[in-house]
Each structure stands twice: as C-alpha cells, then as structure tokens.
Amino acid sequence: MLFDTHAHYDDEKFIEDRFDVIEKAHSSGVSYIINASTDIKSCKESLAFAQKYEYVYAAVGIHPHELDGVDDSTLAKLLEFAKEDKVVAIGEIGLDYYYDTAPREIQQHWFSQQIDLARELRLPIIVHDRDAHQDSVDIIKAQKASEVGGVFHCYSGSVEMAKELINCNFYISVGGSLTFKNAKKLVEVVRCIPMERLLIETDCPYLTPEPHRGKRNDSSYVRFVAEKVAEIRQMDFEEVAEATLRNAKELFKIKAPGY
Ligand code: NI
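Residues numbered from 1 in each chain as written. Predicted model: local features only at pLDDT ≥ 70, side-chain atom pairs only at ≥ 80, totals over all residues. Heavy atoms only, no water.

Draft legend 1. Geometry of the environment of Gly61. Along the chain, the position of Gly61 falls in the loop between β3 (56–60) and α3 (72–82). Classification of Gly61 as buried rests on a relative accessible area of 0%. In this structure the C-alpha to C-alpha distance between Gly61 and Pro257, which are 196 residues apart in sequence, comes to 26 Å. Excluding residues that lie within four positions of it along the chain, Gly61 makes contacts with Ser37, Thr38, Asp39, Cys43, Leu78, Gly91, Glu92, Ile93 and Gln114. (Helix = DSSP H or I, 4+ residues; strand = E, 2+ residues; numbered from the N terminus. Buried < 20%, exposed > 50% of the residue type's maximum accessible area, 1.4 Å probe, protein only. Contact = heavy atoms within 4.5 Å.)

Draft legend 2. Layout of the pairing of strand β1 (residues 2–7). Most of β1 is tucked away: 6 of the 6 residues are buried. Judged from the 4 bridges that link them, β1 and strand β2 (residues 30–36) form a sheet pairing that is parallel. Note that in β2 the partner of Ala7 across the bridge is Asn35. One crossover worth recording links β1 to the parallel β2 by way of helix α1 (residues 18–27), and it is right-handed. (Pairing = 2+ DSSP bridges. Right-handed = clockwise from strand over helix to strand, strands pointing away.)

Draft legend 3. Summary view of helix α8 (residues 222–233). Helix length check: α8, at 12 residues, gives a terminal C-alpha distance of 17 Å against a target of 16 Å (1.5 Å per residue), a fit within 8%. Turning to α8, its buried residues are Val222, Phe224, Val225, Ala226, Val229, Ala230 and Ile232. Taken together, the buried residues of α8 touch β1, β2, β7 (170–174), α7 (184–192), β8 (198–200) and α9 (237–251). Just downstream of α8, Gln234 is the residue with a positive phi angle, here 50°. (Expected span 1.5 Å × (residues − 1).)

Draft legend 4. Geometry of the pairing of β3. Burial within β3 is extensive, with 5 of its 5 residues counted as buried. In β3, alternate side chains face the same way, and those of Val56, Ala58 and Val60 on one face and Tyr57 and Ala59 on the other are all buried. As defined by bridge partners, β2 adjoins β3 across 4 bridges and the pair is classed as parallel. Bridge assignment links Ala36 to a residue of β3, and that residue is Ala59. This β-α-β element, β2 to helix α2 (residues 40–52) to β3, shows right-handed connectivity.

Draft legend 5. Structural view of a negative patch on the surface. A grouping of Asp236, Glu238, Glu239 and Glu242 is seen on the molecular surface, where their side chains present a negatively charged patch. Locating Glu238 in the fold gives a position in helix α9. For Glu238, a relative accessible area of 45% gives the class partly exposed. (Patch = residues over 30% accessible without salt bridge, like charges linked within 9 Å, V, L, I, M, F, W, Y side chains within 5 Å. Areas by Shrake-Rupley, 256 points an atom, 1.4 Å probe, with all protein chains shown as cover. Salt bridge = Lys/Arg side-chain N within 4 Å of Asp/Glu carboxyl O. Lys, Arg positive; Asp, Glu negative; His and termini not counted. Charge placed at Lys NZ, Arg CZ, Asp CG, Glu CD.)

Draft legend 6. Representation of the environment of Ala183. Among the secondary structure elements, Ala183 is positioned in the loop between β7 and α7. On the basis of relative accessibility, which here comes to 7%, the residue Ala183 falls in the buried class. With 112 residues separating them along the chain, Ala183 and Asp71 place their C-alpha atoms 38 Å apart. Other than its neighbours up to four places away in sequence, Ala183 contacts Ser177 and Leu178.

This is the structure we're talking about:
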C-alpha cells in the first residue's frame, strides 16, 4: 500500500482520462491520494474527487503562482471549503522566487494569511518552496506553523534546513526528482533525516520519475520514488511503503483503512 501525498488531477493534462488514471493508480496499490489545489476552481475540483473516491483526499489553498486577483473574499471561500469532510490540509501554499509571478511581498502576505487560516482550523499545511528557502523557514516560524505542522513538498533544500523544519514539526516529502541523475543533495537528505519524517509523492502530472521521465506522471509511479528511498536507506520496499504511509496518515489525521 502506497500513499501519494501530492497530485494534481484537476490539471488540464488529465482532461481526457483523469478518472481512469485515478482508478488505475488505486488498483495498482496506491491506497491514498491527496489532490493539492492551486486556486479556487482547483479547490472545487479537488473536493469533487475526494467526494467521488473514498481513497482520495483534498488539500485546499492558493498556490504562489495563482495570486492574481486574490483578496479577503478568496480567503473566506477557502475557509468554507476547508470545513468540508475529507479536506486534510491547507495547500499548496508558499513562495516561488524562481518564477516570481507575483511580487515577493504579496507572496509572503498570502502565505502568512493562509498559515493563519490553517491554525484557526487546526489543519496542517502543504508548502511549495522554490528558491525561497530562508524566507519560507522564517515565515513558518513567525506564523507559528509548528502548532499545526505540515510538509515541504518536492523538497529541494539542504540537510540542515530539513532538520530545522523537522524541529518545527514538519515533514519532508520527496518525489520523482529523487530518481534523477543530479539528485545528490536530495539523496543526502533522504539518507540523513529520521524515517518517521519522510513522505513520498508524485506531484503528477509533473516531475515524472525515472524510468518514465519525459512522460506524463501519475500516482502509480509513486512506487519508483519508494524504490529509490529503499535503495538509499537500504530498506525493503515494503518497509518504506509502510513507513511513509503511516507518516502521512499521522500528519493528515486520516483514520480510514486503506482500500
Ligand atoms: Ni504541486
């Protein structure tokens, strides 16, 4: 049983066959999937998937790429979505200084506001941090995100930063990039952090792991990430699958048995 903690089945790349893909992934051994939202439309879709499939859960939030036009009424809508059953996190939220599609102060503002919302609702957060390591850490500390905890998804920081985040009640999630040739730094992170703080994900349709790099990604490929973790930590695949699934169920407070 595997847990894909980060997928985007509302993405247009799944327009033709999203339900087939979700169902096939599930029957291939993926027992839980979290669909992470990026804007209000995406929140609605994530919720619809979670209502359709017992093994799909939703995270609701506004991605740093999607801040155009966001205001207090957007937060009010998020609050409504977040109260629905099967919403297990606020996300994905954070900072993206690589694309910088919104001014950095604006990104920081809405990141902070959404952490406040998560604390109000006692939900963990799913963080997107691209080229914004220091500010991301500073903001989660300043906003007391440790009260609810969360995960840095598609982690790209150092071992030191990972340890700092774990001290702040965060988990580290790795995806397909762990299988890439240039993943030295990430391999070191996976080797060094406690197994109890590691999650796995696909971020599908993006970041397809080897040996399928270049094709569209989907949740069934999360097993390649688990295999790589097993190789790095010299564990059995089954042990990695079990540990990462247990960690995710604990963070997202999921009680339901895997189907
Ligand atoms: Ni994502």
